[in-house]
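Next come the chains, spelled out residue by residue.
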Number of protein chains: 2
Amino acid sequence: METIKNFDDLIAHLSQKGERKRVAIVWASDDHTQEAVAEGLKGGFVEALFVGARKEIESSDLLRPYADHFTIIDSDDKDDAAAKAVALVREGKADVLMKGLINTDNLLHAVLNKETGILPKGRVLTHVTATEIPTYPKLIFFTDPAVIPYPTQEQRMEQVRYVADLCHSFGIEEPRLSLIHCTEKPNEKFFPFTIGYKDIIDEAKKGTFGKCIVDGPLDVKTSCDLEAMQTKGIESPIAGEADALIFPDIEAGNVFYKTVTLFCGAETAATLKGPLAPVVLTSRGDSIKSKFYSLALAIISA
Amino acid sequence: METIKNFDDLIAHLSQKGERKRVAIVWASDDHTQEAVAEGLKGGFVEALFVGARKEIESSDLLRPYADHFTIIDSDDKDDAAAKAVALVREGKADVLMKGLINTDNLLHAVLNKETGILPKGRVLTHVTATEIPTYPKLIFFTDPAVIPYPTQEQRMEQVRYVADLCHSFGIEEPRLSLIHCTEKPNEKFFPFTIGYKDIIDEAKKGTFGKCIVDGPLDVKTSCDLEAMQTKGIESPIAGEADALIFPDIEAGNVFYKTVTLFCGAETAATLKGPLAPVVLTSRGDSIKSKFYSLALAIISA
């Protein structure tokens, strides 16, 4: 496949492929969720399983044209709808789980339920985002701006695995993943996690994450700009062309997310990885575009 | 005074004021340092005290026109030059210390020397940056992208004090300082530092930092965008118009610094606060503009 370099490419790829993935959507009573799903139905890559909010869905002019490609499953309250949607994933009847007008905490409660949930024991739940920044020639994938506060070495290893997989699903043959830190020097005393970076790099060399290049510590600038890297006298196979940034902690990841969207005009798409199916958890602050791209991101990685 | 809203305003303000501050420059043998200092001499706000590198300074065509406003102090090696420049500050003969072609560590060694240095006992050394982002209507001051790994409560209190002072020197009557965190909710379990934010806010209300508004935790977006704040249902006197961002740690601050400069076309100026005089510590990767603005930032805060 050709490499997907931006969100237009992603949508074109999914439409062209013409395979509909089954998306279980919890309580899609709001316009934003309905619009995002309608776009996916129109693009020919979504089969929608709406759980709850029958009245709002049946009365939606946006959704009506695609009635052949959606089903409504009744539910009287949001927590029940979340549980039913999660069950669809567990029973292999849905490929993606998507949040509508329900609190994130309530949806996650169903996802993480030890008996009826969909996070297998020992699997790491983390948040992966793809961003299209107007001043960078390709998408940047990054983790984790929203879920894991300070990743352990084991959690970071899984983050690298998820992100490498995601890059591969975008047709990036040998993605370049940069392990972020404020300088390029490991520092055991103040930043013990930077010592663990070497083990992750070694695992990558062994092929643990498939074909990919992992290096670090590097800062954001030297990861994404060859000239900045060379000016600092750094040698790295990332070569200023990072496809992905693995942030040391949630604060750093969140600053990147908020800064590129607010100040750089960047679009984003995000999904939760770890559960049996990717989970689309968009929030009120996200644009409709961002919700649609998030759905597409989850679908390509499902 | 009128509020300084960008770096052009800053240079115009200093030129108009016409007061020359004495800048001790350690080993200014490189073009970039010479150009930045020449701009300050030309602008009428720098009296240069070059320490070391006599030959390179005497042969500089850039500096020659301003010979009435600089002095060269001889020194045979860089460490000696650093010590002499630091001594000028300690003896009250220089208002600003500036790095030329010497390693940062070597210069800091002289600054931090317990007997002959210029960091008074108990004072916090931190890095403050001002950035002009094309998509924001005023400068944003932030700390700390480069020096303190994980600030203690006491260190953060001093960071707030330095930044508030700096904002005042830019003519911002009541600056709005945002204490950054990935969400707006304090969280003792995972992010104990967010609990300390309340004490800083209380201190600000008592007037400890002069006239200013301090609030948090807030993320970057809700700090700098009223609509984002309102969409999330947050109430904060920052009102999406932050003048300054106090980052929780060096990783977050560094990501902001690198992201705005690489992806948003932002200019920056930086200085070290804490020592008896502000210290201009530009690095190889910085543009000449950035070096010049850093010098100007140090001068207005001296």
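The structure presented is a predicted model; accordingly, all values stated were derived computationally and were not measured. (Residues numbered from 1 in each chain as written. Chains lettered and ligands numbered in written order. Predicted model: local features only at pLDDT ≥ 70, side-chain atom pairs only at ≥ 80, totals over all residues. Heavy atoms only, no water.)

Undergrad: What is the right way to look at the interface of chain B and chain A in this model?
TA: The parts lose accessible area when they come together, and the size of an interface is often stated as this lost area. On the chain A side, the residues contacting the 36 residues of chain B number 36 residues. Across the chain B/chain A interface, buried area totals approximately 3,100 Å², and carbon plus sulfur atoms make up 70% of it. Our enumeration of links across chain B and chain A arrives at two salt bridges. Asp219(B) is the partner of Lys258(A) in a salt bridge, and the nearest nitrogen-oxygen pair spans 2.6 Å. Those elements that provide at least two residues to the side of chain B that touches chain A are α8 (220-224) and α10 (250-263) of chain B. (Contact = heavy atoms within 4.5 Å. Buried area = accessible area lost by both parts, 1.4 Å probe. Salt bridge = Lys/Arg side-chain N within 4 Å of Asp/Glu carboxyl O. Helix = DSSP H or I, 4+ residues; strand = E, 2+ residues; numbered from the N terminus.)

Undergrad: Help me understand the confidence of the model for chain A, please; the structure alone is not making it clear to me.
TA: Reading predicted coordinates in detail is not appropriate for stretches of low pLDDT. Per-residue confidence for chain A gives a mean pLDDT of 96; residues scoring 70 or more make up 100%. Across the assembled chains, the prediction reports ipTM 0.96 with pTM 0.96. (pLDDT = per-residue confidence, 0-100.)

Undergrad: Explanation requested: the pattern of salt bridges in the structure shown.
TA: Two side chains with opposite charge may pair up if their charged atoms get near one another. All told, the structure shown has 32 salt bridges over all chains when counted by the stated rule. Residues Arg54(B) and Glu58(B) are paired through a salt bridge, measuring 2.8 Å at the closest nitrogen-oxygen approach. Of the two residues, Arg54(B) and Glu58(B) are both situated in helix α3 (residues 54-58); the distance of four residues between them amounts to about one turn of the helix. Judged by relative accessible area, which is 48%, Glu58(B) ranks as partly exposed. Where Glu241(B) meets Arg176(B), a salt bridge forms, and the shortest distance between an N and an O atom there is 4.0 Å. Pair noted here: Glu241(B) is in the loop between α9 (226-231) and β9 (244-246) and Arg176(B) is in strand β7 (residues 176-180), with a separation of 65 residues, a long-range link. Residues joined by salt bridges that share partners form a network here, namely Lys17(A), Glu19(A) and Lys21(A). (Buried < 20%, exposed > 50% of the residue type's maximum accessible area, 1.4 Å probe, protein only.)

Undergrad: How do you make sense of the domain arrangement of chain A when you look at a structure like this?
TA: All names here are of chain A. Here chain A is described as being made up of domain 1 (7-122 + 275-301) and domain 2 (126-267). When domain 1 packs against domain 2, close to 820 Å² is buried across both sides, 65% of that on carbon and sulfur atoms. By the criterion of area lost to domain 2, the three top residues of domain 1 are Phe-7, Leu-297 and Ile-300, representing 62% of everything that side buries. At the boundary of domain 1 with domain 2, the tally comes to one residue pair in polar contact (both at pLDDT 80 or more). Looking at the side of domain 1 that touches domain 2, the elements that each hand over two or more residues are α1 (7-17) and α11 (288-301). (Domains from an automatic or database assignment. Polar contact = N/O pair within 3.5 Å; in protein donor to acceptor, adjacent residues only side chain to side chain.)

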